[in-house]
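So the chains spell out like this:
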Amino acid sequence: MSTLKTLNGNQSIAEAVRQIDPDVMAAYPITPSTAIVETIAKFKADGLIAGEFVCPESEHSAMSVCIGASSAGGRVMTATASQGLALMWEMLYIAAGLRLPIVAAIANRSLSAPINIHGDHSDTIGARDSGWIQIYSENCQEAYDNFIQAFRIGEDLKVRTPVLVGLDGFIISHSMEVIQVEDDDEVKKFIGEYKNVFPVLDTSRKMTVGPIDFTDYYFEHKRNQIEGIENAPPVIEAVGKEFGLKFGREYGFFEEYRMDDAELCIVVMSSAAGTCKDAVDELRSEGKRIGLLKPRIFRPFAHQKIAEALKKMKAIAVLDRSSSPGAFGAPLFTEVRSALYDYAERPKIVNYVYGLGGRDIKVEHFKEVGLKLEKIAETGKVEEIYGYINLRE
Amino acid sequence: MKKETWKELTIGTINLDAGNSVKNLTGTWRSGKKPQFIEENCIQCFFCWLYCPHSAIRVEGEEVKGINYDYCTGCGICSVECPPKEKAITMIKEEMKLAGGSTE
Ligand code: SF4
Ligand code: SF4
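These figures come from a predicted structure and were not determined experimentally. Within every chain, residues take consecutive numbers counted from 1 along the sequence as written. Each chain is given a letter, starting from A, and each ligand a number, starting from 1, according to the order in which they appear as written. With pLDDT at 70 or above as the cut-off, local features in this predicted model cover only qualifying residues; side-chain atom pairs require 80 or more to be listed or tallied, and sums for whole chains, interfaces and linings still use all residues. Remark: hydrogens and water are excluded; side-chain values derive from all non-hydrogen atoms of the structure.

The next subject is the overall build of chain A. Within chain A one finds 14 helices and 15 strands. Within these notes, the globule rule equals 2.2 Å times the number of residues to the 0.38 power, and the radius of gyration is based on C-alpha atoms. Taking 21 Å as the expected radius of gyration for a compact globule of 393 residues, we find that chain A reaches 21 Å, a close match to that expectation. In terms of its C-alpha atoms, chain A occupies a principal-axis envelope of roughly 70 × 55 × 45 Å. Relative accessibility decides the category of a residue: with a 1.4 Å probe and only protein chains considered, values under 20% of the type maximum give buried, values over 50% give exposed, and everything between is partly exposed. Across the 393 residues in chain A, those meeting the buried criterion constitute 55%. Within the structure as shown, chain A displays about 16,600 Å² of accessible surface, and the carbon and sulfur contribution to it stands at 52%. In this count, Lys and Arg are taken as positive residues and Asp and Glu as negative ones, while His and the chain termini are left out. Lysine's charge is taken at NZ, arginine's at CZ, aspartate's at CG and glutamate's at CD. Side chains of chain A give 44 positive and 56 negative charges; the mean places of these two sets differ by 3 Å. Every helix listed is a DSSP run of H or I at least four residues long, and every strand listed is a run of E at least two residues long, numbered separately from the N terminus. Accessible surface area values rest on a Shrake-Rupley calculation with a 1.4 Å probe, where residue burial reflects the displayed protein chains alone.

By definition here, a salt bridge exists when the distance from a side-chain nitrogen of Lys or Arg to a carboxyl oxygen of Asp or Glu is within 4 Å. Evaluated as defined, the whole model comprises 35 salt bridges over all chains. For K305(A), the salt bridge is made with E237(A), and the minimal N-O distance between the two is 3.8 Å. Taken as a pair, K305(A) in helix 12 (residues 303-310) and E237(A) in helix 10 (residues 232-247) lie far apart in primary sequence, 68 residues in all. For K305(A), a relative accessible area of 37% gives the class partly exposed. When the shortest N-O distance is used, the salt bridge between R58(B) and E60(B) registers 2.5 Å. Residue R58(B) is classed as partly exposed on the basis of its relative accessible area, which comes to 22%.

Residue and element names in this part refer to chain A. In this model helix 3 (residues 59-72) runs 20 Å from its N-terminal to its C-terminal C-alpha over 14 residues, within 8% of the 20 Å that 1.5 Å per residue would give. The set of residues buried in helix 3 consists of E59, S61, A62, M63, C66, I67, A69, S70 and S71. Whether two residues are in contact is decided by their heavy atoms: any pair within 4.5 Å suffices. Turning to helix 3, the residues buried within the fold contact strand 2 (24-26), strand 4 (76-80), helix 4 (82-87) and helix 5 (89-97). Put simply, S58 is the residue that caps the front of helix 3, since its side-chain oxygen is 3.3 Å from the backbone nitrogen of H60. After helix 3 finishes, the residue G73 shows a positive phi value of roughly 120°. One fewer than the residue count of a helix, multiplied by 1.5 Å, yields its expected span. Polar contacts, as used here, are pairs of N or O atoms within 3.5 Å; protein pairs need one atom able to donate a hydrogen and one able to accept it. Residues neighboring in sequence count only if both atoms are side-chain atoms.

Residues and elements named next belong to chain A. Within strand 13 (residues 315-320), 6 of the 6 residues are buried, which leaves the element mostly enclosed by the surrounding structure. Neither face of strand 13 is exposed, since A315, A317 and L319 on one face and I316, V318 and D320 on the opposite face are all buried. Sheet topology note: the strand 10 (residues 264-267)/strand 13 ladder contains 4 bridges and is parallel. Its bridge partner lying in strand 13, V267 is registered against V318. Should DSSP find at least two bridges between two strands, the strands are taken to pair. Inspection of the sheet shows strand 13 paired to strand 14 (residues 348-353) by 6 bridges, in the parallel sense. From the neighbouring strand, I316 faces strand 14, where its bridge partner is I349. The handedness of a crossover follows from its direction of travel: if, with the strands pointing away from the viewer, the path from the first strand over the helix to the second runs clockwise, the crossover is right-handed. With helix 13 (residues 331-339) bridging strand 13 and its parallel neighbour strand 14, the resulting β-α-β unit is right-handed.

Here the focus is the site of ligand 1. In this text, near means that some heavy atom of the residue lies within 4 Å of the molecule or strand in question. Taken together, the neighbourhood of ligand 1 is formed by P35(B), C52(B), P53(B), I57(B), I67(B), C72(B), T73(B), G74(B), C75(B), G76(B) and C78(B). Throughout this entry, Asp, Glu, Lys and Arg are counted as charged residues, while Ala, Val, Leu, Ile, Met, Phe, Trp, Tyr, Cys and Pro are counted as nonpolar. The remaining residues, Gly among them, count as polar. Here the residues of the shell around ligand 1 are counted per class, giving 8 nonpolar, 3 polar and no charged.

All names here are of chain A. Source of the domain bounds: an automatic or database domain assignment. In terms of domain boundaries, chain A breaks down into domain 1 (3-247) and domain 2 (255-388). Once you take the C-alpha centre of each, domain 1 and domain 2 turn out to be 28 Å apart. Domain 1 puts 28 residues into the contact, and the matching count from domain 2 is 23 residues. Two parts lose some accessible area (1.4 Å probe) when they are put together, and adding that loss for both gives the buried area. Both faces considered, domain 1 and domain 2 share a buried interface measuring about 2,100 Å² in area, 55% of it formed by carbon and sulfur atoms. Three residues, R128, Y136 and E138, lead the burial of domain 1 against domain 2; their summed loss comes to 28% of the area buried on that side. Joining domain 1 to domain 2, the criterion identifies 4 salt bridges. A salt bridge links E142 to K294; the shortest N-O distance between them is 2.7 Å. At the boundary of domain 1 with domain 2, the tally comes to 15 residue pairs in polar contact (both at pLDDT 80 or more). Elements represented by at least two residues in the side of domain 1 that touches domain 2 include exactly helix 6 (122-126), strand 6 (133-137), helix 7 (140-155) and helix 10.

See the structure below:
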């Protein structure tokens, strides 16, 4: 039997950590993810978790501890945000290159300068090419559910890749929500026993981890690494289905909202998708054929499935909560636009950057986007391909 | 030596043939200068052995006996660290013949 609990996003993650009880947790607190680390420390002090809880002197060291512990053969997690994730940068690539299924909860927050503690996706999107699987959550329930699934996905023997789970800083990390918390035993059963792959502490086997590669091997090792994340899609799908069968909430690569007969579509990730649903409802009641597509998995990007879902649209707006200065559109936009390229008849597609540094995005903003899409669909003309929402111009 | 394809490699850069750097003859990187061991000046302090980044100091029994040129890159650290006034390791031109205790 699951129980209903009133938790914020950070507490939801900590609750999942308590149930999973990884062998090693290493984290350095940083706003807005601090309460995850704090709550885990409290669980540890209260004797509710058996795993080692390590407090290193920085996030770089926290990820280094995770890498060491994971190489040693343990199930490992961490949590951080923003500058903390940025400080982990070089170690993120090492975790992925060594194929260590570390799971990290990231309370998404903007990057300095200027310094700002509020939510946007600059941190995790910045880690886009580090080789980690990236899952984004709309609310506390999804953060909890995604975090549990992350272990199953990353630890799959064909995948063996680190996974990060994003929850929007403050908007989710600090907002209370009533969520279904599953039984400890059921969560443990769902996760299963941790399987070692070449643990360093197995002294019966001689091996070197992470030796230097020159021009003759680096490329092959990188290709070998890419295979892990490319093996992830069927696993993500199977784990999402199994989670649905067991706990009643099924997950896939993305969620479609009122997309059945839609001609217009807004693509947006994480908490803003919740607001967007209200805007879609209002626009629908005004007779507009609009829907929402909320990507859940950003890496690996489900380009075929997303293109299939979007190819019949007349006009699409992709909303990014991060920017890529100097690029042709923000990161989610370039993925979606590229995914549609192979179709002879392509929808019109535009990009808006929103919510940097936690700037609000409201129902009215989504409705404005909807009306712009309607105009693009009617005229067949795109006036501005790339713009900003709720910015003082 | 046949090199593995990316599919044949063990995941996570793991090398199950640990210690195989012995096959990497770093002595081939040497250019210009090489160390020369002069046994009669040697006080057996083992500084050279401690400092050599390539474990290229040849030790037989309990004594420093010379240089292993298969791995010596000619960096010269051993010669700098060698304490006696009359050094027991001096750097000489690569093409010069080795005196006394040094063997190729
Ligand atoms: S020059 Fe001396 S220290 Fe340098 S690699 Fe050769 S033996 Fe070792
Ligand atoms: S440092 Fe010089 S004196 Fe000391 S053991 Fe080496 S060669 Fe001999």
